[in-house]
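# Geometric and topological summary
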Amino acid sequence: MDNLKQLEEWIESSDNIVFFGGAGVSTESHIPDFRSVDGLYHQQYDYPPETMLSHTFFMENTEEFFRFYWNKMIFPDAEPNNAHLALAHLEKRGKLKAVITQNIDGLHQAAGSREVLELHGSVHRNYCMKCRKYYGLSDIEKHEGVPHCTCGGIIKPDVVLYQEGLDQRILQKSVNYIENADMLIIGGTSLAVYPAAGLINYYRGNKLVLINKDKTPQDKHADLLINAPIGEVLAPWA
């Protein structure tokens with residue numbers, strides 16, 4: 001049977017679908033994967049992205065952190081693509097129970113998804129490190145360089161940096177959704193970043209769908225493997 005036909009049959013016969021996605025879901029909204037190497041990056045920065053997005057670097061080189069953050073992590077004009085829209089529609093139909101994402105861009109919510117578990121936080125939430133006052137993205141975009149609170153403290157984005165732990169409540173909730181799912185769709189992720197990538201081991205069903213342009217270490221475990229852009233694959237449900 002054709003892979004896309006099989007996907008359609010499984011989606012239509014399932015009512016407890018969980019989606020787990022990564023950076024590849026947003027690249028079709030013109031948000032680049034920060035791990036991808038480009039000439040501009042090498043011209044502008046002296047450190048690899050993983051270093052600049054670490055807790056240590058944030059604390060010790062705050063100004064350089066925010067220079068990278070504003071240039072490479074914030075895309076206020078990005079809009080949801082067919083993948084985001086399809087997942088929101090499947091949730092409205094009662095088929096999809098949750099979106100678990102490694103992305104921090106808020107595009108799933110912008111598309112209309114309600115149950116979104118953000119493993120790595122969100123650029124749309126920011127907190128003063130001193131008084132814990134909340135700031136939305138539009139509040140701190142006005143700042144140049146390091147954003148400061150009215151109390152004088154530094155405002156930190158509510159994103160999980162390297163060396164920081166994931167929110168255990170969100171992680172446990174994600175595990176619960178995956179354990180109970182009758183279908184797990186994984187899309188746009190290399191499944192290389194742990195502990196997030198380890199979540200798929202909690203799936204107990206026999207409809208594990210893996211949609212990714214490139215090969216992943218988990219391909220052999222998929223019940224259905226589709227090597228194509230996820231927005232293209234999910235377009236019929238958008």
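Details of the structure are given in the entry above.
Residues numbered from 1 in each chain as written. Predicted model: local features only at pLDDT ≥ 70, side-chain atom pairs only at ≥ 80, totals over all residues. Heavy atoms only, no water.

## Quick look at the pairing of strand β7 (residues 183-187)
Walk down a regular strand and you will see the side chains alternate between the two sheet faces. Rules: Relative accessible area decides the class of each residue, using a 1.4 Å probe on protein chains only: under 20% of the type maximum gives buried, over 50% gives exposed, and in between gives partly exposed. A helix here means a DSSP run of H or I that spans at least four residues, while a strand means a run of E at least two residues long, and both kinds are numbered starting from the N terminus. Only when DSSP finds a minimum of two bridges between them are two strands counted as paired.
With five of five residues buried, β7 is to be regarded as a mostly interior element. Across five bridges, strand β1 (residues 17-21) lies against β7 in parallel orientation. Counterpart to F19 in the pairing with β7 is I185. Pairing analysis gives four bridges linking β7 to strand β8 (residues 208-211), with the strands arranged parallel. When the bridges of β8 are listed, L184 appears paired with L208.

## Structural notes on unusual backbone geometry
Peptide bonds are trans in most cases, and residues, glycine excluded, mostly fall at negative phi. Phi angles above zero are rare outside glycine, and H30 is one such case at about 65°. The topology assignment puts H30 in the loop between α2 (24-27) and α3 (39-44). Owing to a relative accessible area of 68%, H30 belongs among the exposed residues under this scheme. Although it is not a glycine, Q163 sits at a positive phi angle of roughly 85°. Topologically, Q163 is positioned in the loop between β6 (155-159) and α10 (168-180). Q163 sits in the exposed class, given a relative accessible area of 58%.

## Overview of helix α1 (residues 3-13)
Put simply, the rule reads: By definition, the arc is the one covered by directions from the helix axis to the C-beta atoms. Here, two residues are considered to be in contact whenever any of their heavy atoms come within 4.5 Å of each other. We call two N or O atoms a polar contact when they sit within 3.5 Å, provided that within protein one can donate a hydrogen and the other can accept it, with sequence-adjacent residues counted only if both atoms are side-chain atoms.
Listed in full, the buried residues belonging to α1 are Q6, L7, W10 and I11. Looking down the long axis of α1, one finds its buried residues gathered within 130° of arc, a one-sided arrangement. Buried residues belonging to α1 abut β1, α7 (82-92), β7, β8, β9 (224-226) and α11 (230-234). In this structure D2 caps α1, since a side-chain oxygen of it lies 3.1 Å from the backbone nitrogen of L4.

Read these as geometric descriptors, not functional statements.
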